[in-house]
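Remarks on the overall topology
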Amino acid sequence: MSILIDPDKRVLIQGITGREGLTRARLMRGYHTQVVAGVTPGKGGADAEGVPVFDSVRGAWEAVGSIDISVLFVPAALVKNAALEAIDAGVKLLVIVPDRVPIYDVLEIDSAARAAGAQFIGPNTLGVLSPDKGVLGMMGGQAASAKDWFFPGPVGVTSRSGGMTTSTAYYLAQAGIGASTLVHVGGDAIVGLPHAEVLKLFQADPQTEAVVMFGEIGTSQEEAAAALIESGAFTKPLIAYIGGKAAKNGTRFSHAGAIIEGDRGTHASKVARLREVGAHIVESFADIPRVTASIVKPRKVVPVSKPEPDEASLHWKTAITDIKPNEIRLRGQRIDELMGRVSFSQAIYLALTGDLPSEPVGRLLDALLVSSLDHGASPPSALAARTSASTGAPINAAVAVGLLSINKHHGGAVEDCMRLIQSALDLARADNLTPEAAADKLVEAKRAAKVRLPGFGHRIHTADPRTARLLDLAAEAGVAGEAVTMVAALRDAWARQSGKPLPINVDGAMAAVLLDLRIPIELGNTFFMMARVPGLVAHVYEEQTRERPMRRIHPTDHEYDGQ
């Protein structure tokens, strides 16, 4: 079992057509969650990531049937109305992801939920995840990451920090301890399901044998958890870590709800109260796996082999292409009607996302591809392609060799930088930080770990001439959003902390633009590859027509003799 989410729960996403809604719909659907509908007023009848979109929650309910859970990805100012609409329609669990929701709005939502027998998680939450069963919100970032990081097991996790929710489960998994459900209760002072309420759910869950609680200074959530243990309403082992030990009175620690006021909510008072009722207190976060392993026996999930499918089950479907006599469709659009009407870049975006972009976005994509068409004759992809061509390989084979040399250290910076930017955005959202504060925090951690920032710096250029042009075009196309803002914040944070400039290179600019275009991170490097193909063809063809076979190709001793 698990709590709050499993594959049978029918889920709605409010705000599904926005950037976050679309991205997280992809995550949820990719991680076993049964997303049955989305709601964006004024966009009813549309399709988002294969999910039907409706104008209202009630309209969605009437069209697809009952809905168990709604996940909200709407601006903070609209959260109250969206939540009340879902509660009024009969939805019994809400996951309120946005931060900065006015406190009086939260109180009104709480009152309506209690009256209707509903519950809500958040606001300011990454959501909930039950390994191999489903995810609500944005926990795990991507389905592939969630599948790699977490596996089912006997330990529940409840946390007031979004980042530490996933970190706790990740390090437990590294120690061989799986999780039943991960719950980020939310970082605000008032949340729908605080620690004590989550512990009640874990108490009733037969899969959960113990719970790890990541607490913080401020509020009385941890004291309420201690009272629950003292009353006998929670009897399972509780391993607790309380953050904010060094915080002073009146200092906010990471989240809106993590602030000491007078003698209330201090680290010492929380630790003392939890120890008093028998909780296992860890002074260092790194000790959580060790202490948990002493209580719950580590175990690994052994995959169960599945029988070979019969012939009837080999039928499969695709949402990309449809070919019939005298008709070819790409993502539902007739190819012959696209020809001469849209650019190649627009068609690429259509093929990858299912949406046909505007002409300004098409021009931006054109520029993005042109920016990486060729980086000279010295990069590994060009040298590998030329070397292969010199051996007598045909063009397709030589170009393939060049493409295969695009890996982590050559061409991989686009995807890596997208992950970096997304991490900063997730940190800002989870800890209620400004882009500048999140960038400072992330850069400080990277510098302490002596890790370079992908997408920044260049071995030749002190100011990559392509970066400014690409970001200007993104602004002109109306694409530049939070990712472009964050990549600039990361650049500035590095300069502040190191005293030295670290310019955004073209890979970093591409990463920010692709994120703001809602391109999945896993496809980031493919834009570099697609851009590089024409350049590789040119290098291979020149090698075949101008040079002798099997020559020694010097990586740097060459000169330009063209016009």
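Everything that follows concerns the structure shown earlier in this document.
Residues numbered from 1 in each chain as written. Predicted model: local features only at pLDDT ≥ 70, side-chain atom pairs only at ≥ 80, totals over all residues. Heavy atoms only, no water.

On to the sheet that holds strand S17 (residues 333-334). Strands sit in the order S15-S16-S17 across an open sheet of three strands; the sheet is antiparallel. Unpaired on one side and paired on the other, strand S15 (321-324) and S17 mark the two borders of the sheet. Looking at chain direction, S15 and strand S16 (residues 327-330) are connected through four bridges and run antiparallel. Note that in S16 the partner of isoleucine 323 across the bridge is isoleucine 328. (Pairing = 2+ DSSP bridges. Helix = DSSP H or I, 4+ residues; strand = E, 2+ residues; numbered from the N terminus.)

Interhelical geometry of helix H7 (residues 195-204) versus helix H8 (residues 221-231) gives an angle of 40 degrees and a closest axis separation of 8 Å. Judged by residue contacts, His195, Ala196, Leu199 and Lys200 of H7 engage Gln221, Glu222, Ala224, Ala225 and Leu228 from H8. Residue classes in the contact of H7 with H8 are distributed as five nonpolar, two polar and two charged. (Axes fitted to C-alpha atoms, helices over the stretch in contact; angles between N-to-C directions. Contact = heavy atoms within 4.5 Å. Nonpolar A, V, L, I, M, F, W, Y, C, P; charged D, E, K, R; others polar.)

Another point: the sheet that holds strand S13 (residues 238-243). As summarised here, the arrangement of the seven strands in space is S9-S8-S11-S10-S12-S13-S14, forming an open sheet in which the pairing is mixed. Sheet topology places strand S9 (134-137) and strand S14 (280-281) at the edges, where each strand pairs with a single neighbour. As judged from the two bridges shared by S13 and S14, these two strands associate in the parallel manner. Bridge pairing links isoleucine 239 to histidine 280 in S14. Along the sheet, H8 makes contact with strand S12 (210-216) and S13, crossing S12 at roughly 150 degrees. Across the sheet, helix H10 (residues 288-295) is in contact with strand S10 (152-159), S12, S13 and S14; its angle to S13 comes to roughly 165 degrees.

In this section: the side chain of histidine 184. Structurally, the position occupied by histidine 184 is in strand S11 (residues 179-184). Reaching out from histidine 184, the side chain makes a polar contact with the backbone nitrogen of glycine 162 at a distance of 3.1 Å. Excluding its chain neighbours within four sequence positions, the residues that come into contact with histidine 184 are Ile121, Asn124, Thr125, Leu126, Gly127, Met139, Ser159, Arg160, Ser161, Gly162 and Thr165. (Polar contact = N/O pair within 3.5 Å; in protein donor to acceptor, adjacent residues only side chain to side chain.)

Turning our attention to helix H19 (residues 482-498). With 17 residues, H19 ought to run about 24 Å at 1.5 Å a step, and its terminal C-alpha atoms sit 24 Å apart, in line with that. Among the residues making up H19, those that are buried are Ala483, Val484, Met486, Val487, Ala489, Leu490, Ala493 and Trp494. Summarising the contacts, the buried residues of H19 are in contact with helix H16 (413-430), helix H17 (435-448), helix H18 (465-476) and helix H20 (506-516). The positive-phi residue at the C-terminal boundary of H19 is glycine 499, with phi of around 80 degrees. (Expected span 1.5 Å × (residues − 1). Buried < 20%, exposed > 50% of the residue type's maximum accessible area, 1.4 Å probe, protein only.)

A word on the packing of aromatic side chains. On inspection of all chains with the given rule, the structure shows seven aromatic pairs. With centroids separated by 5.3 Å and ring planes inclined at 35 degrees, the aromatic side chains of phenylalanine 214 and tyrosine 241 adopt a geometry described as tilted. Highlighted residues: phenylalanine 214 in strand S12 and tyrosine 241 in strand S13, separated in sequence by 27 residues. Residue class for phenylalanine 214 comes out buried when judged on its relative accessible area of 6%. (Phe/Tyr/Trp six-rings, centres within 6.5 Å; stacked < 30°, edge-to-face > 60°.)

In this model, glycine 122 is joined to proline 123 through a cis peptide bond whose omega is 5 degrees. Tracing the sequence through the fold places proline 123 in the loop between strand S7 (119-121) and strand S8 (127-130). Backbone geometry places asparagine 124, a non-glycine residue, at a positive phi of 65 degrees. Summarising the element assignment, asparagine 124 is placed in the loop between S7 and S8. Residue asparagine 124 is classed as buried on the basis of its relative accessible area, which comes to 0%. If you check the backbone angles, methionine 550 has positive phi at about 55 degrees while not being a glycine. Considering the arrangement of structural elements, one finds methionine 550 in the segment after helix H21 (524-546).

This paragraph deals with the pairing of strand S6 (residues 93-96). Going residue by residue along S6, you find Leu93 and Val95 tucked away on one face and Leu94 and Ile96 tucked away on the opposite face as well. Pairing between strand S5 (residues 69-72) and S6: four bridges, direction parallel. Pairing of isoleucine 69 across the sheet is with leucine 93, part of S6. Between the parallel pair S5 and S6, the chain is carried across by helix H3 (residues 76-89), and the sense of this crossover is right-handed. Inspection of the sheet shows S6 paired to S7 by three bridges, in the parallel sense. What sits directly across from leucine 94, in S7, is phenylalanine 120. Tracing the backbone out of S6, into helix H4 (residues 103-116) and back to the parallel element S7 gives a crossover that is right-handed. (Right-handed = clockwise from strand over helix to strand, strands pointing away.)

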